[in-house]
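# Coordinates in review
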Amino acid sequence: MSDPLDERDRAGDPLAVVAREAGAYLESLRERLVHDGTKDALLDDLDGPLPVTGDGAVAAVQELVRIGTGAATHSSGPRFFHFVVGGSTPAAIAGDWTASLLDQVAGMWPASPLATRAETVVLRWLKELFGLPESFGGVLTPSATLAHVAGLACARYWWADKYGVDVTSRGLAGLPVMPVFSSGLVHVSTRKALQILGCGRDTLRTFARDDAGRVDLDAMDAALARVGGRAVIVANLGEVNTGDSDPIADLADLAERHGAWLHVDGAFGLFAALSPRTAHLARGVERADSVTADGHKWLNVPYESGFSFVRDQAWLSRAFGAWGAAYLPDADGERVNYNMLGPESSRRARALPIWATLRAYGRDGYREMVERHLDVAAHLGELVEAAPDLELLAPVQLCIACFRFRPDGVPEERLDALNARLGEALLADGRVYAGTSTYRGMTVFRPAPVNWRTTKADVERLVDVVRELGAAVAD
Ligand SMILES: *Cc1c(COP(=O)(O)O)cnc(C)c1O
């Protein structure tokens, strides 16, 4: 086989190969190991020289599916607890396939009114879901990191404008360092976005009043006064080790009083807005200038999916529009060109999986899922507290339980090494997938059940396996 044109009449066949395997694979996620080290040898089957004569699509895809369903980390199953990672709902996976099937030029209205309209619609639905004003603008991005880039690029434009500089056109040369203030809950991706934007990752200043990183409002207030309010405040809604959040409304008050820009990182924490049990944590987010969230975490759509919301859509076009390319049309009402509103130019129709899953499950379905995860995380916290050899390190907030293995008789100075060994043992074992993180200087586990498949039974299994392997590595 050499030319895809030869397969023109059988173009659907390779998709049928995937579809045939999909049901059994998805069903197997319930029970299979999250990672099966004995299958790592399959990775060699991926390798080899560039094929000269191809195998044809069906044979190639059969091979890909064989290797993939064996050697993948089955992170879309219910017991992947290593990072804050969602799965993919059945509707979202199929929506994602549809995005590939249709392969839209999703950045420009004239090239795809479908993708453009779908993006506008899902942004509106998401704003409603999160309690953000409908008047906010927004854009879909590949990730929360790129949503930070979008929101903070707007902040940077706003800030430079106070110095009379159009940063989109002139860049940062000659300007002072842009002050960016946050609490100790700030996520590394915020620094990465600042780095990408040329603001420097280490220019971000944190104001913390304890070693958990909780914000020191008075110190931030004083610093804002010193810079005359020309600063960006980054508020964190959902920290990755404990689920802790900054008091968003208090930071919104500070921003308002000083005339500063308020950016909120709600990568997964913004989903607190979906339940009356946690909505208070998100209170104040509607007063932000820019807001980041992820679709591939708690919304349970496939990678890559992020959202950037901004108070005024015009900021996004100031930061990313005006390419000066004559062939690119200007935005006009419904005829939005999303490639002018975010960091990407060419992009896929990532609105389609979001549309499919919101249409499938609706606001109630997502509220139920979020509340189930709140219950699962609380249950996990109770199991940890009840276990004599486990130590809960922070109150369970939102969807995360932060703990470590602490059997009797092991001195404090040996606990980090012990937990690091346990983390490696858990990853090698594969029944549950939970690696370690560092929290307040300690080596810890911080499982975050946000996968639609995850139930209480899965965290019970997690605790059992942690204690079993913990006892083994402690010997
Ligand atoms: C995951 C996460 C990010 C980064 O998200 P990506 O989609 O991986 O870029 C940012 N902030 C928080 C709080 C997160 O949990």
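Preceding this section is the structure that the text describes.
A short tour of the structure in this document, coming up. (Residues numbered from 1 in each chain as written. Predicted model: local features only at pLDDT ≥ 70, side-chain atom pairs only at ≥ 80, totals over all residues. Heavy atoms only, no water.)

### A closer look at the nonpolar core
- Core analysis: the largest hydrophobic core is formed by 94 residues, its most contacted members being Phe-130, Trp-298 and Leu-299.
- With ten residues, helix H6 (residues 144–161) is the largest single contributor of residues to this core.
- In contact with Trp-298, not counting residues within four places along its chain, are Phe-268, Phe-271, Tyr-366, Met-369, Val-370, His-373, Leu-374, Leu-398, Cys-399 and Val-450.
- Listed in part, the 24 residues of the second largest apolar core include Phe-403, Val-459, Val-463 and Val-466. (Core = buried A, V, L, I, M, F, W, Y, C linked by side-chain atoms within 4.5 Å. Buried < 20%, exposed > 50% of the residue type's maximum accessible area, 1.4 Å probe, protein only. Helix = DSSP H or I, 4+ residues; strand = E, 2+ residues; numbered from the N terminus. Contact = heavy atoms within 4.5 Å.)

### Topic: the packing of helix H1 (residues 13–28) against helix H4 (residues 90–102)
- Relative orientation of the contacting elements H1 and H4 amounts to 165°, with a least axis distance of 13 Å. With respect to H4, the axis of H1 lies roughly antiparallel. Handedness of the H1/H4 crossing: right-handed. Across the interface between the two elements, Leu-15, Val-18, Ala-19, Ala-22 and Leu-26 of H1 pack against Ile-93, Trp-97 and Leu-101 of H4.
- Partitioned by chemical class, the residues of the contact of H1 with H4 number eight nonpolar, no polar and no charged. (Axes fitted to C-alpha atoms, helices over the stretch in contact; angles between N-to-C directions. Parallel < 35°, antiparallel > 145°, perpendicular 65-115°, else oblique. Left-handed = near helix turned anticlockwise from the far one by under 90°. Nonpolar A, V, L, I, M, F, W, Y, C, P; charged D, E, K, R; others polar.)

### Topic: the site of the ligand
- Residues in close proximity to the ligand total 14 residues, the closest being Thr-145, Asp-265, Asp-294, His-296 and Lys-297.
- Interatomic distance of 3.0 Å between a backbone N/O atom of Ala-144 and an oxygen atom of the ligand.
- In the model, an oxygen atom of the ligand is placed 2.8 Å from a nitrogen or oxygen of the His-296 side chain.
- Protein burial of the ligand: of its 380 Å² of free accessible surface, 85% is covered by the chains.
- Here the shell around the ligand takes three residues from H6, the largest share from any one element.
- In terms of residue class, the shell around the ligand is made up of four nonpolar, seven polar and three charged. (Near = heavy atom within 4 Å. Polar contact = N/O pair within 3.5 Å; in protein donor to acceptor, adjacent residues only side chain to side chain. Areas by Shrake-Rupley, 256 points an atom, 1.4 Å probe, with all protein chains shown as cover.)

### Brief notes about the pattern of salt bridges
- Tallying each qualifying case throughout the model produces 28 salt bridges.
- The salt bridge involving Arg-277 is made with Asp-375; its shortest N-O contact spans 2.8 Å. Of this pair, Arg-277 sits in the loop between strand S5 (261–265) and strand S6 (290–294) while Asp-375 is found in helix H12 (residues 351–386), placing the two residues 98 residues apart along the sequence.
- What makes Asp-375 partly exposed here is its relative accessible area of 33%.
- Each of the salt bridges in this network shares a partner with another, and the network as a whole consists of Glu-119, Glu-344, Arg-347 and Arg-350. (Salt bridge = Lys/Arg side-chain N within 4 Å of Asp/Glu carboxyl O.)

### Quick word on H6
- If you check H6, its first and last C-alpha atoms are 25 Å apart, about what 18 residues at 1.5 Å a residue would give, namely 26 Å.
- In terms of burial, H6 is a largely internal element, 16 of the 18 residues being buried.
- Two or three places before Thr-145, at the start of H6, stands the capping residue Ser-143, its side-chain oxygen 3.4 Å from that residue's backbone nitrogen. (Expected span 1.5 Å × (residues − 1).)

### Focus: unusual backbone geometry
- Of the consecutive residues Tyr-303 and Glu-304, the connecting peptide bond is found in the cis state with omega at 0°.
- With respect to the helices and strands, the residue Glu-304 is situated in the loop between S6 and strand S7 (306–310).
- With phi around 60°, Leu-398 is a residue other than glycine that occupies positive phi space.
- Locating Leu-398 in the fold gives a position in the loop between strand S8 (390–392) and strand S9 (403–405).

### Structural notes on the side chain of Ser-305
- In this fold, Ser-305 is placed in the loop between S6 and S7.
- Residue Ser-305 is classed as buried on the basis of its relative accessible area, which comes to 2%.
- Among residues more than four places away in sequence, those in contact with Ser-305 are Thr-141, Pro-142, Ser-143, Asp-294, Gly-295, His-296, Arg-350 and Ile-354.

### A closer look at the sheet that holds strand S1 (residues 137–141)
- Here seven strands make up an open sheet; going across it, the order is S1-S7-S6-S5-S4-S2-S3 and the pairing mixed. Both edges of this open sheet fall to S1 and strand S3 (204–206), since each of them pairs with a single strand only. Here the strands of the sheet are splayed against their neighbours by 20° on average, with no regard to which way each runs.
- Of the strand pairs in this sheet, S6 and S7 are connected by five bridges, and their pairing is antiparallel. Considered in S7, the bridge of Ala-293 is made with Phe-307. (Pairing = 2+ DSSP bridges.)

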